[in-house]
Amino acid sequence: TQGQVITCRAAVAWEANKPLVIEEVQVAPPQAGEVRVKILFTALCHTDAYTWSGKDPEGLFPCILGHEAAGIVESVGEGVTEVQPGDHVIPCYQAECRECKFCKSGKTNLCGKVRAATGVGVMMNDRKSRFSINGKPIYHFMGTSTFSQYTVVHDVSVAKIDPKAPLEKVCLLGCGVPTGLGAVWNTAKVEAGSIVAIFGLGTIGLAVAEGAKAASASRIIGIDIDSNKFDRAKDFGVTEFVNPKDHDKPIQQVLIDLTDGGVDYSFECIGNVSVMRAALECCHKGWGTSVIVGVAASGQEISTRPFQLVTGRVWKGTAFGGFKSRSQVPMLVDKYMKKEIKVDEYITHNLTLPEMNKAFDLLHEGSCLRCVLDM
Ligand code: NAD
Ligand code: AHE
Ligand code: ZN
């Protein structure tokens, strides 16, 4: 197949909010600096649902969504040296080129090399898509488009992993689990003994809990409007629960009262701007730090009284948990293989590619964390 167009199946989002359609798509060979990957397993993340809903200002249609996956390199374009056909890989929506201003700064995991192209659904080389249906181009998504049996990614957007790792599990290390762990370890740098509050107990919030437990936080308070989330969250390290619906006071006040003045660290894992405000305002005066992880819709803005920051609270955000993707995803896979981090526990459902729409429906059901699709 090397050098040839591959025809395979993919879930195509033709329009916002319209059911995805399983189509035969043509996947062009990788050009210079590109890698064509056979996707074996992909999970769904709420960010896929967010873009599909039409609320993402970067959303373009028709497109092939998906960014939490694992597969095997099928072929590589000219000049690609770090992976070769047969390598097991995880596509990375946060690239890492190791050469740009961002990568060299030592201050961020964001990379500038291909972001402009991935934001508009095309590849860097020719600003065109490698996907088409009977000649009509279909946009890429987040530089990954893993809802396809074959995809083309930039070489800076693919992490080579241990071939012994089970791809049906480690696909989750493409987004949700690293995001939560890294928010604690890299972005907040939670110290032992800290009091942590987590808003939203989905996959991201639970991974934050797991990270906070590993960091020896003394109290891990989980906040969710769905009390059914609480039982499972105990297994991930949450020690106390608060349902805002059980209280008349604003949730920030409830937390301040519970913690003698506020928490050391809070994490917003929902994507709701009023919860983001509460998450900042429940932080302790003088040092409390709040990390925004949730992705909010186009047009949404955050606000608080500047006095909250003047008096020492800190507002931060994180993308992919601050992990450098190509360098650190293989290390996370190794940690999973050594049973140092959970992955299996986040997989609540398994389906196949033709059941894609059912998988999206599941995402909105309380019981679902990650649904993994066998491609
Ligand atoms: P999820 O829907 O599984 O979890 C959200 C949880 O929040 C649910 O349990 C829900 O009951 C709860 N919730 C909703 N409204 C609430 C409220 N007002 N107060 C308290 N709890 C409330 O989602 P997820 O997959 O865990 O993702 C969470 C967010 O993180 C999404 O916005 C997603 O797009 C974003 N995300 C960001 C990154 C990043 O790199 N920054 C990476 C992955 C996901
Ligand atoms: N296109 C959206 C932004 C979405 C967003 O913030 N994405 C996160 C990853 S979410 C993964 O589930 C991210 O990494 N952002 C940094 C980046 O470079 O995109 C919008 O609202 O415009
Ligand atoms: Zn995601």
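Treat the numbers as computed from the prediction; the structure is a model and nothing was measured.

### A look at the overall build of the chain
Regarding its fold elements, the chain presents twelve helices and 17 strands. The C-alpha atoms of the chain give a radius of gyration of 20 Å, which matches the 21 Å a tight globule of 375 residues would have. Taken along its principal axes, the extent of the C-alpha atoms in the chain is 65 × 40 × 40 Å. Relative to its full complement of 375 residues, the chain shows a buried share of 51%. Here the analysis covers contacts within the chain between residues at least 6 apart in sequence; of these, 71% occur between residues at least 24 apart.

### Overview of the site of ligand 2
Taken together, Cys45, Thr47, Asp56, Pro57, Glu58, Gln94, Leu110, Arg115, Cys175, Val295, Ala319 and Phe320 make up the full set of residues adjacent to ligand 2. Residues that form the shell around ligand 2 fall into these classes: seven nonpolar, two polar and three charged.

### Side note on the site of ligand 1
Taken together, 31 residues surround ligand 1, and among them Gly200, Gly202, Ile204, Gly271 and Val295 come closest. Secondary structure elements with two or more residues in the shell around ligand 1: α1 (46-52), α5 (176-188) and α6 (203-214). For the shell around ligand 1, the class distribution of residues is 16 nonpolar, twelve polar and three charged.

### Some words on the UniProt feature "domain: Alcohol dehydrogenase-like C-terminal" (unreviewed entry) in the chain
On the UniProt side, "domain: Alcohol dehydrogenase-like C-terminal" (unreviewed entry) is annotated at positions that read residues 204-329 here. Summarising residues 204-329: 33% helix, 16% strand, and an end-to-end C-alpha distance of 17 Å.

### Overview of the UniProt feature "domain: Alcohol dehydrogenase-like N-terminal" (unreviewed entry) in the chain
What UniProt calls "domain: Alcohol dehydrogenase-like N-terminal" (unreviewed entry) maps, in this numbering, to residues 32-161. Each end of residues 32-161 is marked by a C-alpha atom, and these two atoms are 22 Å apart; helix forms 12% of the span and strand 28%.

### Re the sheet that holds strand β6 (residues 131-133)
Strand order in the open sheet made by the four strands is β1-β2-β6-β7, with antiparallel pairing throughout. Bordering the open sheet on either side are β1 (6-12) and β7 (136-138), each of which pairs with just one other strand. Neighbour to neighbour, the strand axes of the sheet diverge by 50° on average, direction disregarded. Pairing geometry for strand β2 (residues 21-27) and β6, over two bridges, is antiparallel.

### Points about the nonpolar core
Core analysis: the biggest nonpolar cluster contains 111 residues, and Ile64, Val170, Leu173, Val196, Ile198 and Val208 have the highest contact counts within it. Element by element, the count of residues in this core is highest for α6, at six residues. Leave out the neighbours within four places in its chain, and Val208 touches Gly180, Ala183, Val184, Ile198, Phe267 and Cys269.

### Concerning the confidence of the model for the chain
Per-residue confidence for the chain gives a mean pLDDT of 97; residues scoring 70 or more make up 100%. Of the two predicted TM-score estimates for the complex, the pTM is 0.98 and the ipTM is 0.99.

### A short note on helix α9 (residues 273-281)
Burial runs high along α9: seven of the nine residues are buried. What α9 keeps buried is the set Val275, Met276, Arg277, Ala278, Ala279, Leu280 and Glu281. Residues of α9 that are buried sit in contact with β10 (195-199), α8 (251-258), β13 (265-268), β14 (289-292), α10 (307-310) and β15 (314-317).

### Digging into the environment of Leu201
Relative to the helices and strands, Leu201 is located in the loop between β10 and α6. The class of Leu201 is buried, set by 27 C-beta atoms lying within 10 Å. For the pair Leu201 and Phe230, spaced 29 residues apart in sequence, the C-alpha separation works out to 7.9 Å. Beyond its immediate chain neighbours, meaning those up to four positions away, Leu201 contacts Leu206, Gly222, Asp224, Lys229 and Ala233.

Rules behind the numbers
- Residues numbered from 1 in each chain as written.
- Chains lettered and ligands numbered in written order.
- Predicted model: local features only at pLDDT ≥ 70, side-chain atom pairs only at ≥ 80, totals over all residues.
- Helix = DSSP H or I, 4+ residues; strand = E, 2+ residues; numbered from the N terminus.
- Rg over C-alpha atoms; globule rule 2.2 N^0.38 Å.
- Buried ≥ 20, exposed ≤ 12 C-beta atoms within 10 Å, placed from the backbone.
- Contact = placed C-beta atoms within 7 Å.
- Near = placed C-beta within 6 Å.
- Nonpolar A, V, L, I, M, F, W, Y, C, P; charged D, E, K, R; others polar.
- UniProt positions renumbered as here; feature names shortened; annotations may be inferred.
- Pairing = 2+ DSSP bridges.
- Axes fitted to C-alpha atoms, helices over the stretch in contact; angles between N-to-C directions.
- Core = buried A, V, L, I, M, F, W, Y, C linked by C-beta atoms within 7 Å.
- pLDDT = per-residue confidence, 0-100.

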